[in-house]
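Chain by chain, the residues run as shown.
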Amino acid sequence: MASTDETGPAAQQPTTPGAPPPAGPPVDPTARPGARMPRWLPRAMVLALALIAVFQLGSWAFHQLTGLLLNVLIAFFLALAVEPAVSWMAARGVRRGLGTFLVFLGILVASAGFVTLLGSMLAGQIVKIVEDFPEYLDSVINWINAHFRTELRRVDIQEGLLRSDWLRNYVQNSATGVLDVSAQVLGGLFQLLTIGLFSFYFAADGPRLRRTVCSLLPPARQAEVLRAWEIAVNKTGGYLYSRGLMALVSGFAHYVLLEFLEVPYAPVLAVWVGLVSQFIPTIGTYLAGALPMLIAFTVDPWYALWVLVFVVIYQQFENYVLQPKLTSRTVDIHPAVAFGSVVAGTALLGAVGALIAIPAVATLQAFLGAYVKRYDVTDDPRVHGHRGSGGERGPLTRARRLWARRSGVPRPRDGEAGAS
């Protein structure tokens, strides 16, 4: 029987004598019979997947614990700030835990007293503003009618405001946002409690913490860690000292203004401005200036404008003149470095970074200064800001020489003109 396979005749077709055999499929010269996957490849794939998983887990955990880490960082710097007082009490026989408790108790009592006094004053002024608001509104309406020839009435304005959609939407949004505000208040109290507990433990168990850290390092490194710790304590204390000086200057300046304008509660308002503007970063200046403006408005609406102008001018003076000089003297860093560190700290950690940037940079600068080798500077006129021999050919030097010839003053020798 003939083959029914279509490929059969082609496969069975005899080759022509002298012709090359038909080309078969390409053969890999490196291929071996029974070749398998390298043994290290599965392990490498598993290791790469494990590293990716660990990185993702670490990144997720870091983002979840960012708030706690920031609280611990603030608590650590607060513990460094109270370390001198606690060590002073411990050196005189007071137990370290009791000394830390007394220091924090004093801070808590002073803060509570100030907040209570400020709250009572603010409540009284708010009641006065509400009672005198119709009189203020009538005076504003009369001024507008007299200057712009209008016929506004307080009753029409009140009815239009009460019937407006804006007020209705504002009341609804405020009612729905009460729970959010309550949650934020409770969260803030919990954050303060966390910072207080960590700072208490850091300050009370400071020697134990230092021993624990040093036990993990060789003796040579232990001395460096203890030196860095001491520098951090000194720089943090110096930073708080500079902030206290600026708070004192700011409070005194605003007290003079408020007394001149005869604004009530001038001493309390001055203390408020000094403390809030210096120890609350970023928004402290605006919070500090808002309350004196509100109280001044109860005396005369124009007084509030004067307070605003003074706050803005004083803030510029403090940022560019007072703060760089005081910070450079107490923390011993250049004013430009202090300003740049605050900007960088704000960009990295927000308000917390702005608060701890200067003591952190001062500590790092002082610690690295001991390991940077310095050389004697050559006695070159350009080091002292002079141009050397080129400055003698300047018009100012020629004018001095001409004046000296006419007045009979002896001509200065070479180098004295550039140094004068």
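As shown above, the structure is provided for reference.
About the cut-offs
Residues numbered from 1 in each chain as written. Predicted model: local features only at pLDDT ≥ 70, side-chain atom pairs only at ≥ 80, totals over all residues. Heavy atoms only, no water. Axes fitted to C-alpha atoms, helices over the stretch in contact; angles between N-to-C directions. Helix = DSSP H or I, 4+ residues; strand = E, 2+ residues; numbered from the N terminus. Parallel < 35°, antiparallel > 145°, perpendicular 65-115°, else oblique. Left-handed = near helix turned anticlockwise from the far one by under 90°. Contact = heavy atoms within 4.5 Å. 1 Å grid on protein atoms, 1.4 Å probe; cavity = no way out; pocket = protein on both sides within 12 Å on 5 of 7 lines; lining within 4 Å. Points joined across faces, edges and corners; volume = space filled by probe spheres on them. Nonpolar A, V, L, I, M, F, W, Y, C, P; charged D, E, K, R; others polar. Expected span 1.5 Å × (residues − 1). Buried < 20%, exposed > 50% of the residue type's maximum accessible area, 1.4 Å probe, protein only.

A. Just the packing of helix α10 (residues 266-279) against helix α11 (residues 284-299), in detail. For the pair α10 and α11, the least separation of the axes is 7 Å and the interaxial angle reads 165°. Accordingly, the angle class assigned to the pair α10 and α11 is roughly antiparallel. Helix-helix and strand crossings are classified by hand; for α10 and α11 the assignment is right-handed. For the pair α10 and α11, contact is made by Leu269, Trp272, Val273, Val276 and Ser277 and by Gly284, Thr285, Leu287, Ala288, Leu291, Pro292 and Ile295, respectively.

B. Representation of the layout of surface pockets. The calculated volume of the largest pocket comes to roughly 1,900 Å³. Elements with a minimum of two residues in the lining of the largest pocket: α3 (66-91), α4 (96-148), α7 (178-204), α9 (219-260), α10 and α14 (351-369). The element contributing the most residues to the lining of the largest pocket is α4, with eleven residues. Residue composition of the lining of the largest pocket, grouped by class: 35 nonpolar, four polar and no charged.

C. Representation of α3 in the model. With 26 residues, α3 ought to run about 38 Å at 1.5 Å a step, and its terminal C-alpha atoms sit 37 Å apart, in line with that. Restricting attention to buried positions, one finds in α3 the residues Asn71, Ile74, Ala75, Phe77, Ala79, Leu80, Ala81, Val82, Glu83, Val86 and Met89. After α3 finishes, the residue Gly93 shows a positive phi value of roughly 95°.

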